[in-house]
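The primary structure of each chain is shown beneath.
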Amino acid sequence: MSKRMGYDFIEIEKKWRKYWSVNNTFRAENKSTKPKFYVLDMFPYPSGQGLHVGHPLGYIASDIYSRYKRLKGFNVLHPMGYDAFGLPAEQYAIETGQHPAITTDGNIERYRKQLELLGFSFDWEREVRTCEPGYYKWTQWIFMQLFKSWYNKKTDKAEPIEALVKSFSKSGTSEVEAHSSEAIEFTADEWLAKSEHEKQETLLHYRLAYLSEAFVNWCPELGTVLANEEVKDGLSERGGFPVERRMMKQWLLRITAYADRLLAGLNEIEWSDALREMQKNWIGKSKGASMRFSVEGSEEKIEVFTTRPDTIFGATFMVLAPEHEMVEKICSEDRKEAVDGYVEQTKKRSERERMAEVKQVSGEFTGAFAIHPFSSEKIPIWISDYVLVGYGTGAIMAVPSGDQRDWEFATHFDIPIVAVISNSDPSKGANEDKDGVMINSDFLNGLKIPEAINTIIDRLEKDQIGEARTNYKLRDSVFSRQRYWGEPFPIYYKDGMPYALGENQLPLKLPDVDKYLPTETGDAPLGRAKNWITEDGLPLDLNTMPGWAGSSWYYLRYMDPGNPDALASKEAIDYWQNVDLYIGGAEHATGHLLYVRFWTKFLYDLGIVPFNEPMKKLVNQGMILGPGGEKMSKSKGNVINPDDLVLKYGADTLRMYEMFLGPLEDSKPWDTHGIEGVFKFLNKLWKLYDDVEDSEPDQEALTALHKTIKKVEGDIENMSFNTSISAFMICVNELSQAKCNSKSILTDLAIIISPFAPHIAEELWEKLGHTESISFSTYPDYDEKYLQRATYEYPVSFNGKVRFKIELSVELSAAEIEREVLEHETSKKWLDGNAPKRVIVVPQRIVNIVV
RNA sequence: GCCCGGAUGGUGGAACUGGUAGACACGCAGGACUUAAAAUCCUGUGACCAUUGCGGUCGUGCGGGUUCAAGUCCCGCUCCGGGUACCA
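Residues numbered from 1 in each chain as written. Chains lettered and ligands numbered in written order. Predicted model: local features only at pLDDT ≥ 70, side-chain atom pairs only at ≥ 80, totals over all residues. Heavy atoms only, no water.

Student: How should I be thinking about the overall build of chain A in this particular structure?
Tutor: Along its length, chain A carries 28 helices and 27 strands. On the principal axes, the C-alpha backbone points of chain A span a range of 100 × 85 × 55 Å. A total of 851 residues make up chain A; the buried ones form 53% of that total. The long-range fraction of contacts in chain A, counting pairs at least 24 apart against all pairs at least 6 apart in sequence, stands at 71%. Here chain A displays about 38700 Å² of accessible surface, and carbon together with sulfur accounts for 48% of that area. A gap of 3 Å separates the mean positions of the 101 positive and 129 negative side-chain charges of chain A. (Helix = DSSP H or I, 4+ residues; strand = E, 2+ residues; numbered from the N terminus. Buried < 20%, exposed > 50% of the residue type's maximum accessible area, 1.4 Å probe, protein only. Contact = heavy atoms within 4.5 Å. Areas by Shrake-Rupley, 256 points an atom, 1.4 Å probe, with all protein chains shown as cover. Lys, Arg positive; Asp, Glu negative; His and termini not counted. Charge placed at Lys NZ, Arg CZ, Asp CG, Glu CD.)

Student: Just to check I follow, could you spell out the sheet that holds strand E17 (residues 477-478) for this structure?
Tutor: The strands making up a sheet associate through backbone hydrogen bonding, with each pair oriented either parallel or antiparallel. Ordered by their spatial adjacency, 4 strands build an open sheet running E6-E5-E9-E17, and the pairing between neighbours is antiparallel. Of all strands in the sheet, those bounded by a partner on one side alone are strand E6 (224-226) and E17. Here strand E5 (residues 209-219) pairs with E6 via 3 bridges, running antiparallel. Bridge pairing in E6 links cysteine 219 to threonine 224. Contacts from helix H5 (residues 133-147) reach E5 and strand E9 (244-253), with the element oriented near 90° to E9. (Pairing = 2+ DSSP bridges. Axes fitted to C-alpha atoms, helices over the stretch in contact; angles between N-to-C directions.)

Student: Whenever I open this one, the domain arrangement of chain A confuses me. Can you help?
Tutor: One widely used convention gives an interface's size as the accessible area the parts lose upon coming together. Along its sequence, chain A is carved into domain 1 (142-280 + 477-528), domain 2 (285-471), domain 3 (673-781) and domain 4 (791-850). Averaged C-alpha coordinates put domain 1 and domain 2 at centres separated by 31 Å. (Domains from an automatic or database assignment.)

Student: How should I be thinking about the pairing of strand E20 (residues 581-584) in this particular structure?
Tutor: Residues in a regular strand project their side chains so that they alternate between the two faces of the sheet. With burial as the criterion, each face of E20 is covered, one bearing Leu581 and Ile583 and the other bearing Tyr582 and Gly584. With 3 bridges joining them, E20 and strand E21 (residues 618-620) adopt parallel strand pairing. Bridging across to E21, tyrosine 582 finds its partner in leucine 618. In terms of handedness, the path from E20 via helix H19 (residues 592-605) over to E21 forms a crossover that is right-handed. (Right-handed = clockwise from strand over helix to strand, strands pointing away.)

Student: Before we go on, may I ask you to explain the sheet that holds E21 in this structure?
Tutor: On the basis of which strands lie adjacent, the open sheet formed by 4 strands has the order E2-E1-E20-E21 and parallel pairing. Each edge of the open sheet carries a strand with a single partner, namely strand E2 (75-77) and E21. For this sheet, the mean inter-axis angle between neighbouring strands, taken without regard to orientation, is 20°. Pairing analysis gives 3 bridges linking strand E1 (residues 36-41) to E20, with the strands arranged parallel. Along E20, the bridge assignment pairs leucine 40 with tyrosine 582.

Student: In this structure, what is going on with the packing of aromatic side chains? I would like to understand it.
Tutor: To describe a pair of aromatic rings, one takes the distance between the centres and the angle between the planes. Applying the stated rule across the entire model yields 56 aromatic pairs. Geometrically, the ring pair formed by phenylalanine 479 and tryptophan 548 is edge-to-face, given 5.1 Å between the ring centres and 65° between the ring planes. Linking phenylalanine 479 in the loop between E17 and strand E18 (491-494) with tryptophan 548 in helix H16 (residues 548-551), this pair joins segments that are 69 residues apart in sequence. Residue classification places tryptophan 548 among the buried residues on the basis of a relative accessible area of 8%. Through successive ring pairs, a cluster of aromatic residues spans Phe143, Phe147, Trp251, Phe479, Phe489, Trp548, Tyr595 and Trp599. (Phe/Tyr/Trp six-rings, centres within 6.5 Å; stacked < 30°, edge-to-face > 60°.)

Student: Which parts of the structure should I look at to understand the environment of leucine 822?
Tutor: Examined against the element boundaries, leucine 822 turns out to sit in helix H27 (residues 814-823). Exposure remark for leucine 822: the relative accessible area of 22% places this residue in the partly exposed category. Counting along the chain gives 13 residues from leucine 822 to alanine 835, while the straight-line C-alpha distance between them is 9.9 Å. Not counting chain neighbours up to four residues away, the residues in contact with leucine 822 comprise Ser827, Lys828, Leu831, Pro836 and Ile849.

Student: Would you mind going over the pattern of salt bridges with me for this structure?
Tutor: Side chains bearing opposite charge may pair, as long as their charged atoms lie close to each other. The tally for this structure, following the rule as stated, stands at 39 salt bridges. For lysine 148, the salt bridge identified is with glutamate 503, shortest N-O distance 3.3 Å. With lysine 148 in the loop between H5 and strand E3 (149-152) and glutamate 503 in the loop between strand E19 (497-500) and H16, this residue pair connects regions lying 355 residues apart in the sequence. Taking the relative accessible area as the measure of exposure, lysine 148 reaches 25% and is therefore partly exposed. Ionic pairing is found between aspartate 260 and lysine 285, a salt bridge with its closest N-O pair at 2.7 Å. Linking aspartate 260 in helix H9 (residues 259-265) with lysine 285 in strand E10 (residues 285-295), this pair joins segments that are 25 residues apart in sequence. In the salt-bridge network here, residues are joined through shared partners; they are Asp105, Glu109, Arg112, Glu116, Glu127 and Arg129. (Salt bridge = Lys/Arg side-chain N within 4 Å of Asp/Glu carboxyl O.)

Student: What should I look at first to understand helix H23 (residues 699-717) in this one?
Tutor: Count 3.6 residues to each turn of an α-helix, and residues three or four apart come out pointing the same way. Over its 19 residues, H23 extends 27 Å from the first C-alpha to the last, a length consistent with the 27 Å expected when each residue adds 1.5 Å. All buried positions along H23 are accounted for by Ala701, Leu702, Ala704, Leu705, His706, Thr708, Ile709, Val712, Glu713, Asp715 and Ile716. Looking at the buried positions of H23, the neighbouring elements they touch are helix H2 (56-71), helix H24 (721-737) and helix H25 (743-753). Looking one or two places after H23, you find methionine 719, whose phi comes out positive at around 60°. (Expected span 1.5 Å × (residues − 1).)

Student: Quick question: what am I supposed to make of the protein's contact with RNA strand B here?
Tutor: Around RNA strand B, the structure places 46 residues, and the nearest of them are Thr307, Tyr391, Arg405, Lys473 and Leu661. Near the protein, meaning within 4 Å, the atoms of RNA strand B are sugar or phosphate in a fraction of 60%, with bases accounting for the rest. Contact distances for RNA strand B include 3.3 Å between a base nitrogen and a side-chain N or O atom of aspartate 385. Arginine 803 is positioned such that a nitrogen or oxygen atom in its side chain is 3.0 Å from a phosphate oxygen of RNA strand B. Breaking the surface near RNA strand B down by element, the ones donating at least two residues are helix H10 (273-283), strand E11 (301-306), helix H22 (675-688), H24, strand E24 (791-798), strand E25 (801-809), strand E26 (838-842) and strand E27 (846-850). The element contributing the most residues to the surface near RNA strand B is H24, with 6 residues. Taken together, the residues of the surface near RNA strand B sort by class into 22 nonpolar, 11 polar and 13 charged. (Near = heavy atom within 4 Å. Polar contact = N/O pair within 3.5 Å; in protein donor to acceptor, adjacent residues only side chain to side chain. Nonpolar A, V, L, I, M, F, W, Y, C, P; charged D, E, K, R; others polar.)

Student: Would you explain the nonpolar core in this entry?
Tutor: As a rule of thumb, soluble globular proteins bury nonpolar side chains together. Judged by nonpolar contacts, the single largest core of 190 residues is most densely connected at Phe479, Tyr555, Leu567, Met656, Tyr689 and Leu749. Shared between two domains, this core holds at least three residues of each, these being domain 1 (142-280 + 477-528) and domain 3 (673-781). Residues Val304, Ala395, Ala398 and Ile457 belong to the second largest nonpolar core, which totals 49 residues. (Core = buried A, V, L, I, M, F, W, Y, C linked by side-chain atoms within 4.5 Å.)

Student: Before we go on, may I ask you to explain the packing of helix H1 (residues 9-23) against helix H20 (residues 642-649) in this structure?
Tutor: When two helices pack together, their arrangement is captured by the angle between the axes and the distance separating the axes. Contact geometry for H1 and H20: axes closest at 8 Å, N-to-C directions at 115°. Side by side, H1 and H20 meet where Phe9, Ile10 and Glu13 of the first sit next to Val646, Leu647, Lys648 and Tyr649 of the second. Looking at side-chain class alone, the contact of H1 with H20 contains 5 nonpolar, no polar and 2 charged residues.

Student: Is there a simple way to explain the environment of aspartate 574 in this structure?
Tutor: Here aspartate 574 is to be found in helix H18 (residues 570-576). Along the backbone, aspartate 574 and asparagine 445 are 129 residues apart, and their C-alpha atoms lie at a distance of 60 Å.

Student: I tried to follow unusual backbone geometry on my own but got confused; where do I start?
Tutor: Negative phi characterises most residues that are not glycine, and trans characterises most peptide bonds. For the peptide bond that leads from leucine 506 to proline 507, omega is -5°, which places it in the cis range. Residue placement: proline 507 occurs in the loop between E19 and H16. Although it is not a glycine, aspartate 156 sits at a positive phi angle of roughly 55°. Counting through the fold element by element, aspartate 156 comes out in the loop between E3 and strand E4 (157-160). Phi at glutamine 844 is positive, roughly 55°, even though this residue is not glycine. Mapped onto the fold, glutamine 844 is located in the loop between E26 and E27.

Student: Before we go on, may I ask you to explain the environment of alanine 568 in this structure?
Tutor: With respect to the helices and strands, alanine 568 occurs in the loop between helix H17 (554-557) and H18. Here alanine 568 falls in the buried class, since its relative accessible area comes to 6%. Note: C-alpha distance between alanine 568 and tryptophan 138 (430 residues apart in sequence) is 9.3 Å. Setting aside residues up to four positions removed in sequence, alanine 568 forms contacts with Leu556, Arg557, Asp560, Asn563 and Ile573.

Listed below in structure tokens is the structure:
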């Protein structure tokens, strides 16, 4: 017992890693008498680089939380897996011919080893890999359900497409209120008269997963399209290659049908304000009106969207996006050359160039005129790239007195400006404020802006030239990629129309190809696969799904990872419900975190999940920067590898040090020097257990322990791990000082530190004579009675400046405290014979004397 | 431009709902142990003045304000980080 051994972290950590693995210590059962708690990390893409010290930060925090919750009596689900489809493995395959599955498997092995080294309490039996057929079968299945569903605005949920077909057969579109690509109307007879091809074509306008010609972000370098959130500053997020706009036939998901629910749900979840704000802006809901303008000498109407229909009388011109389909139709002969030139120029310029020239005003007059619906005046129609095709209707009524961009355009091209709101000065700039009254506005004159908006909308609706409308910035998501390493679409084509495979044909396995490149005819890589056809010989879709497909529902698969009959059993989903705590990076704000909410709401509509939001609480861990404060990257050569540190100090030291660096959510630079302090601390902790005795603990030790229990418990609940490490250091310093060797104190200490430093805690626990893992113990309750002190050292200040301290009994009343303080020698010195003007006594806080 | 954060010693960071600013570490300096080094332990460490002792003045990015009392609250700036970008 008295034999002293050093802290041999290498042996200790090896021993417990093996123990946990052999005994399946962290296996989570899908039913329990204990309350459930689901802690999830954003699963990693297994890159060839391996982990650096920044990656485990969130995993350490979630692991501490998981282990803590177990000690608090919860049945904890804490799984890990891999987001295994993705571009880097495919790029590597293109370069080397190596099948991406092989590269990916190798990378996963490496990740797994690194993760195991850090002692995480994952239930490894639940590991998932999105690239495995057993997993992507269900990704394909969910896609198929989206394809087979439409969004019913009446019930505000997704419903089977058969119901829509039935309604069409019975009463055409008259009874249907759906989210659709475009407003179409037909009768039951017209529907029934449609050919199969026409019917399918029509249904695509309603399906939640649909094929459509759309402007997409095409990346020639990657040979694929990208979603809006995969493009940053006109370059691809992965690889940094230029991206251009191109019209292509693609799969899209009708996420816009869920815009309002995605917005409303933000109020129900415990996510950071910043993150919810980002999603809110991304959805970009704005209220206004749409109205149709006639075009002089033409049957065509141009529809515009505006948030300020009240300023209609200030509309002195109209602008179409250069890509607007009407441009060609309305353009006059004499303007054709100039207009075509401008359109060409816009097409050629990349997104990036367009953004760089934001401030430059450019545009061309089409030679056509719209007719003002109330004044009947002629309004010239221009094109300019400051109007975007993708937003609203791709056309605006320009009100230069009320919109700064319109004002700049009008000023540049010498177009008249009419003020329509009092206190505007059109010679200086636009008045975008929403106060003032209407002027120069016919029947709106004298109205305040909100009244004017209501009045004009009523009038538009009465005249049937417009209506109130809500617009969203959110676009339907392009869901297909012309790549190899992803989920194949469970879709075949007949007569050029897409049909879903039977559910019994899932998974549709990714076929082998000779090369991971597009075909000679420009088809996606799957075009190289032999026999890529159905049993009936019909061609299968050549696209694959984007990286975020598998990650949009993975949290459900962990609940029941091996299930061959469902994405997870109903029992498992009902038991585990949604994620209680989700930890990951903020960079997924408008991508993954929006899609996973979308898919969850869809699965809710299908009755598969009983909740509307996937993650109740979300915490974004900050980034760990290189020692110089820069992002860690291979090219900068400042990557710190956790394996080296584990070798030198052990995983427990690394875990605690990463937490000690600072608040979880902040970004902070890495400084390897500081790790010594934590290492010394663990050595000190180890020494405390050298000569444990079954003796009665003294008051001091009890106070040290109980204040630490209380502090650490509160800190974990607040995710303030850095301060709990400090608390442990203080506690161990105090116990060492007091030469505490009381078994009862050291037992509780081992338990409360075990979430942070699990290996050493298990070893000490065993030294104390226990035979079962410390994870099965119970978090001790602190007792207030050990925290109460008989005296308090009051800081006494004069005019707010602390002059001396006085130790007084906590039992004293405010009056007694005042008397004691004023009688003190130093008080007399500071009063200098004067009577105090006022004395403030805050019991157990402070005394302040105003002189 | 707009929307969010943030700014505290040489460094990372503490400070609960306004109540002892700088906890806990790193670094640095001095000391003990040692033939020596490592490890360990002890002491000091915001700045300035005083140092014989007591002590004093200033201090949380800058300028104002509220209060007995402000790192914390209010008003006006500066700088840094993140998001977003012609969104009608």
